[in-house]
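Per-entry structural report
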Amino acid sequence: MSGMEWVGAAVAVILTLAAAGTIYRIAVGPSLLDRVIAADVLLAIFGAALATEMALRRNTDNLALLVVLSVIGFIGSTAVARFVSHRKEDA
Amino acid sequence: MSVIDILSAIALLGGALMSLAAAVGLLRFPDLMSRMHAATKPQVLGLFLMLVAVGLQMRQWALLPALLVAWLFQLLTVPVSAHMVGRAGYRSKHRRPELLSTDDLHSVVEAVVDGGAVIDGGGGAAKAAPTSAPTMNPDH
Amino acid sequence: MRGSDQGAIWRALLNRLPLLAWLVVVWGALWQDFSPGNLAFGLLISVGVSSVFYLPPVELGGRLNVLRAVVFALWFLKEVSVASIEVFYWAVVKGPRISNAIVAVPLRSRSDLLMTATGHVLSLIPGSLVVEVDRGTSTLYVHAMNAPTPESVEKVRRGIQDIEARLIRVMGSRADLAALKREAAANVKESP
């Protein structure tokens, strides 16, 4: 394996660990907002994986997807936050 | 490996570590607000490092604005969603007074609730309105 | 009267210019094509979008110090890096024993733009987050991590007022800048 392939493998391992942690937080909660934050982080980890892929394979195919991901994460968590402050008793 | 490859390797590993930092923070911190800090903010640096790596590998000037815009979008959106979630968390049952050494906001909120004014904040701006409903409902 | 009307129209146009420029740059960046034709079409679309989805006008401070802005951007990058590593360290070492605070931070400026920018910057720097804003007295209520003692709370407050001072030097109005200079001079006299 060349140097950059080792880097790719290391990044993959780190991101997998991070994703496992966030999925655990989504599973246990305890509240809706905790899950929203964790889902946001998971989305950011996907973005990091896309960027790594682009850097290692030297293409820019997913750059627009990266922008869209951050906007979707924003809309998602903002919408849920609004929803939660509507019915705060069972947030 | 060339110097550029080594630099982009450092950037990629640093960016991945920032994702790991977010995950560790999510797992270790005790309350919603602390998790919020750990979760959203390291991503700003993380994405920056990742985009630096992409830029170093591609080395095209036409790409630079696109990378910058991708990062700026994150800069614009992260604080807003963090504020919205944090605010919803403070107003619902997520406030954990035992974890706060100082809480300057609590007395203000109490005074507002007693005084019968409404703090309205569609997007963060607050204005005191002399209305009758003694609630903290943000949607009036 | 005509003259002042025209002045108002020009000011309104000038206020819209930064938004239009930003939209055109986004358009060009997403297409990765900065040819004049593409930019002109982008301008057409941004004018259309900003007229249909009309936003409340932003009152600009009327000045922009480019050199200060570059210094600010570099300082911001450094601050984000240091604070990100700090939060990572706290997550590993302190974890559940972290002690936080919600701090009321009164700001100098009454400008909505500066208040928003300060809140934005401090929310981007790990370890601080705006929970609530009092627009009438321009006070930010900031949730700060790892602030167990009154001294550390005071440090957080001064740090945020320092962010505001930096932003005033970049793009604050002349009145705010003059007030900042007077304050700095008074501080020098007090502590020789």
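The structure we're discussing is the one just above.
Residues numbered from 1 in each chain as written. Chains lettered and ligands numbered in written order. Predicted model: local features only at pLDDT ≥ 70, side-chain atom pairs only at ≥ 80, totals over all residues. Heavy atoms only, no water.

**Thoughts on the packing of aromatic side chains**
Aromatic ring pairs: the centre-centre distance and the angle between the two ring planes describe each pair. For the structure on display, the rule yields five aromatic pairs over all chains. Ring geometry for F48(B) versus W71(B): centroids 4.8 Å apart, planes at 45°, classification tilted. Here the residue F48(B) occupies a position in helix α3 (residues 42-58), and W71(B) occupies one in helix α4 (residues 63-91), the gap between them amounting to 23 residues. The structure contains a cluster of three or more aromatic residues connected by ring pairs, namely W27(C), W31(C) and F41(C). (Phe/Tyr/Trp six-rings, centres within 6.5 Å; stacked < 30°, edge-to-face > 60°. Helix = DSSP H or I, 4+ residues; strand = E, 2+ residues; numbered from the N terminus.)

**With respect to the interface of chain A and chain B**
With 48 residues of chain A in contact, the opposing surface of chain B contributes 51 residues. Buried area between chain A and chain B, summed over both chains or domains, comes out near 4100 Å², and the portion from carbon and sulfur atoms is 76%. In this assembly, chain A and chain B are joined by two salt bridges. Between D34(A) and R35(B) there is a salt bridge whose closest N-O contact spans 2.5 Å. Elements with a minimum of two residues in the side of chain A that touches chain B: α1 (3-28), α2 (32-57) and α3 (63-86) of chain A. (Contact = heavy atoms within 4.5 Å. Buried area = accessible area lost by both parts, 1.4 Å probe. Salt bridge = Lys/Arg side-chain N within 4 Å of Asp/Glu carboxyl O.)

**Description of the pattern of salt bridges**
Throughout the structure, instances matching the rule amount to 10 salt bridges over all chains. Between R58(A) and D5(B) there is a salt bridge; the shortest N-O distance is 3.7 Å. In this pair, R58(A) sits in the loop between α2 and α3 while D5(B) sits in helix α1 (residues 3-28), so the two residues belong to two different chains. What makes R58(A) partly exposed here is its relative accessible area of 44%. Close ionic contact of R157(C) with E154(C) constitutes a salt bridge, the shortest N to O distance being 3.1 Å. Separated by three residues within a single helix, R157(C) and E154(C) lie in helix α5 (residues 150-171), roughly one turn from each other. Residues joined in a network through salt bridges with shared partners are R108(C), E164(C) and E183(C). (Buried < 20%, exposed > 50% of the residue type's maximum accessible area, 1.4 Å probe, protein only.)

**Considerations on the packing of helix α2 (residues 32-40) of chain B against α3(B)**
All names here are of chain B. Contact geometry of α2 with α3 gives a least axis separation of 4 Å together with a crossing angle of 10°. The angle between α2 and α3 places the two elements in the roughly parallel class. In this structure, α2 contributes H37, A38, A39 and T40 to the contact, and α3 contributes P42, Q43 and V44. When grouped by side-chain class, the residues that make up the contact of α2 with α3 number four nonpolar, three polar and no charged. (Axes fitted to C-alpha atoms, helices over the stretch in contact; angles between N-to-C directions. Parallel < 35°, antiparallel > 145°, perpendicular 65-115°, else oblique. Nonpolar A, V, L, I, M, F, W, Y, C, P; charged D, E, K, R; others polar.)

**Observations concerning the interface of chain C and chain B**
At the junction of the two partners, chain C supplies 50 residues and chain B supplies 50 residues. Taking both sides of the interface into account, the surface hidden between chain C and chain B amounts to around 4000 Å²; carbon and sulfur atoms contribute 71%. As a salt-bridge pair, E132(C) and R87(B) come within 3.6 Å of each other at their nearest N and O atoms. Remark: the boundary between chain C and chain B carries eight residue pairs in polar contact (both at pLDDT 80 or more). Only α1 (2-31), α3 (66-93), β1 (100-106), α4 (112-124), β2 (128-134), β3 (139-144) and α5 of chain C provide two or more residues apiece to the side of chain C that touches chain B. Ranked by residues supplied to the side of chain C that touches chain B, first place goes to α3(C) with 12 residues. (Polar contact = N/O pair within 3.5 Å; in protein donor to acceptor, adjacent residues only side chain to side chain.)

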